[in-house]
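# Architecture and fold: a report
Residue strings, one per chain:
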Amino acid sequence: MNETTDTTPPTKNRWRQLGPGIVVAATGVGAGDLVATLIAGSRYGYALLWAAIIGCVVKIALSEGSARYHLATGSTILAGWRSLGAWTSWYFGIYVLIWGFIYGATAMSATALPLTALFPILPLWGWAVITGLTGFVFVWFNRYSTFELVMKIMVGVMFVIMVGLAILVAPTLPELASGLTFALPDGALFYTLGLIGGVGGTITTAAYGYWVQTKGWRGIGWLPLMRLDNALAYTITGVFVVAMLIVGAELLFSAGIALQSSDRGLLGLSDILEDRFGRTIATLFLVGFAATALSSVFGVWHGMSLFFADWYHQVRGIEAEVGAETEKSLPFRAYLAWLTFPPMLLLFAQQPFLLAVIYGAFGALFMPFLAITLLLLLNRKGLPEGARNGWLANVTLAGSALLFVALAGQQLWGLLT
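Residues numbered from 1 in each chain as written. Predicted model: local features only at pLDDT ≥ 70, side-chain atom pairs only at ≥ 80, totals over all residues. Heavy atoms only, no water.

With that out of the way, let us pick up the overall build of the protein chain. Scanning the protein chain from N- to C-terminus turns up 17 helices and zero strands. Of all 417 residues assigned to the protein chain, the portion counted as buried reaches 54%. For the protein chain, the share of sequence-separated contacts (at least 6 apart) that also reach a separation of at least 24 residues comes to 85%. With an accessible surface of roughly 17000 Å², the protein chain has 67% of that area assigned to carbon and sulfur atoms. (Helix = DSSP H or I, 4+ residues; strand = E, 2+ residues; numbered from the N terminus. Buried < 20%, exposed > 50% of the residue type's maximum accessible area, 1.4 Å probe, protein only. Contact = heavy atoms within 4.5 Å. Areas by Shrake-Rupley, 256 points an atom, 1.4 Å probe, with all protein chains shown as cover.)

Set out below in structure tokens:
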């Protein structure tokens, strides 16, 4: 678990070196993914299983491309964006402030839901405040090595519980295989695209490169280990997502039960589990729900603070390498506070509509921005030959860009109308 700054990757015990991928898997799968995949299962059975798997493949390409740029150049994806024009820094700066404000409140509330159900001694807002403060204190006082260890433990908890739940209600293999036929149910086009685009996180895919650097991996010699680490991350994500789709299909679709399209709907699933399997299974689900949501809080509080610190240094023209010192820097801790304290205002009042509209617009525009800029950056002749895109990476990133442009157009049209 020790961080290393050696530019030569290990030749033995490679599996023990893995870690940033586990962090990105824990961060990328949150309460929103639970809701989306459970609803997919409850509405369409196994018909959209293929879409969830493609979503993981898309995120493999995006996170691998981001980390590959970090390793190949020794700089960061933000430095690459700046080389495409100063407008990228303004875009990211505005985006990350709006996103952080809304996401902070959303993540705290989502984590508070299972905690309130497990320990009803405090109201929802009380547990939400405790969640935010826990994330703040944990990230402030711990370095990457401790952070990674805790995230591994939380991934283990959520993985064992959620996959165990899927095994408990397991379908027959022919039923499961029916979801691999690329069938598209009537009226499910944009829902399917949204499932592909949303599974496994959004902006956190770009944070993967920062965790790789903070771990101490440097140079293209680390590319094979990074790719193994990244593949493991989205294998875990894929299994987790498939498990949730199975639960949705077996418990909800077969019974004709509609799950509410929000994090609160997950509490309804807890009631269904209690009726069918007893209180112990329902409680375990709530524990897994809490671990899933809290791991996203820890991951975003840490990863996006690294991202913001790099942005601040880039804008100010300060030479600062991403690493252990970044975690102690003023901009890192300033963004950590931004994620924690201002969003608490939204816990006590209705979310302002205008802010929600702006957030939705920026959220829709980030993923095509990431896919298109990776295409531009990773095909540059200045990169080492082994780090440039091959045909498969180009096809995957180009397809991702088209997918996210379509999703952005659909979401922006919905906002305008």
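Now for helix H7 (residues 124-141). Under the 1.5 Å per step criterion, the end-to-end length of H7 is 26 Å for 18 residues, consistent within 8% with the ideal 26 Å. Among the residues making up H7, those that are buried are Gly-126, Trp-127, Ala-128, Val-129, Thr-131, Gly-132, Gly-135, Phe-136, Phe-138 and Val-139. For H7, the secondary structure elements touched by its buried residues are helix H6 (87-118), helix H8 (144-168), helix H14 (279-316) and helix H15 (330-340). (Expected span 1.5 Å × (residues − 1).)

For the rest of this paragraph, the subject is the packing of aromatic side chains. Within a pair of aromatic rings, the relevant descriptors are the distance that separates the centres and the angle that separates the planes. Under the criterion given, the structure shown has 24 aromatic pairs. Ring plane angle 20° and centroid distance 4.5 Å describe the contact between Phe-138 and Phe-298, whose orientation is recorded as stacked. Linking Phe-138 in helix H7 with Phe-298 in helix H14, this pair joins segments that are 160 residues apart in sequence. Assessed through its relative accessible area of 13%, Phe-138 is described here as buried. Overall, Phe-298 belongs to the buried group, its relative accessible area being 6%. Through a chain of ring-to-ring contacts, three or more aromatic side chains come together here, namely Trp-81, Trp-87, Tyr-91, Phe-92, Tyr-95, Tyr-210, Phe-307, Phe-366 and Phe-369. In this arrangement the basic side chain of Arg-333 is found over the ring face of Trp-140, its NZ or CZ atom lying 4.2 Å from the centre. (Phe/Tyr/Trp six-rings, centres within 6.5 Å; stacked < 30°, edge-to-face > 60°. Lys NZ or Arg CZ within 6 Å of the ring centre and 35° of its normal.)

For the structure on display, the rule yields seven salt bridges. A salt bridge links Glu-327 to Arg-143; the nearest nitrogen and oxygen atoms lie 3.6 Å apart. Separated by 184 residues along the polypeptide, Glu-327 in the loop between H14 and H15 and Arg-143 in the loop between H7 and H8 bring together distant segments of the chain. Taking relative accessible area as the criterion, Glu-327 reaches 0% and is therefore assigned buried. Taking the shortest distance from any N to any O, the salt bridge between Glu-325 and Lys-328 comes out at 3.9 Å. By relative accessible area, Glu-325 is classed as exposed at 58%. Via salt bridges that share partners, Glu-64, Arg-68 and Arg-227 belong to a single interconnected network. (Salt bridge = Lys/Arg side-chain N within 4 Å of Asp/Glu carboxyl O.)

Let us now look at empty space enclosed by the protein. Counting across every chain of the model gives two cavities of 30 Å³ or more. Taken as a whole, the largest cavity holds about 50 Å³ of empty space. Forming the boundary of the largest cavity are Ala-25, Ala-26, Val-29, Val-155, Met-158, Phe-159, Ile-236, Thr-237 and Phe-240. Looking at the lining of the largest cavity, the elements with two or more residues in it are helix H2 (20-28), H8 and helix H12 (223-253). (1 Å grid on protein atoms, 1.4 Å probe; cavity = no way out; pocket = protein on both sides within 12 Å on 5 of 7 lines; lining within 4 Å. Points joined across faces, edges and corners; volume = space filled by probe spheres on them.)

Attention now goes to the environment of Tyr-210. Here Tyr-210 is to be found in helix H11 (residues 204-215). Judged by its relative accessible area of 0%, Tyr-210 is buried. If we ignore the near neighbours within four places in the chain, the residues touching Tyr-210 are His-70, Thr-76, Ile-77, Leu-78, Leu-306, Phe-307, Asp-310 and Val-322.

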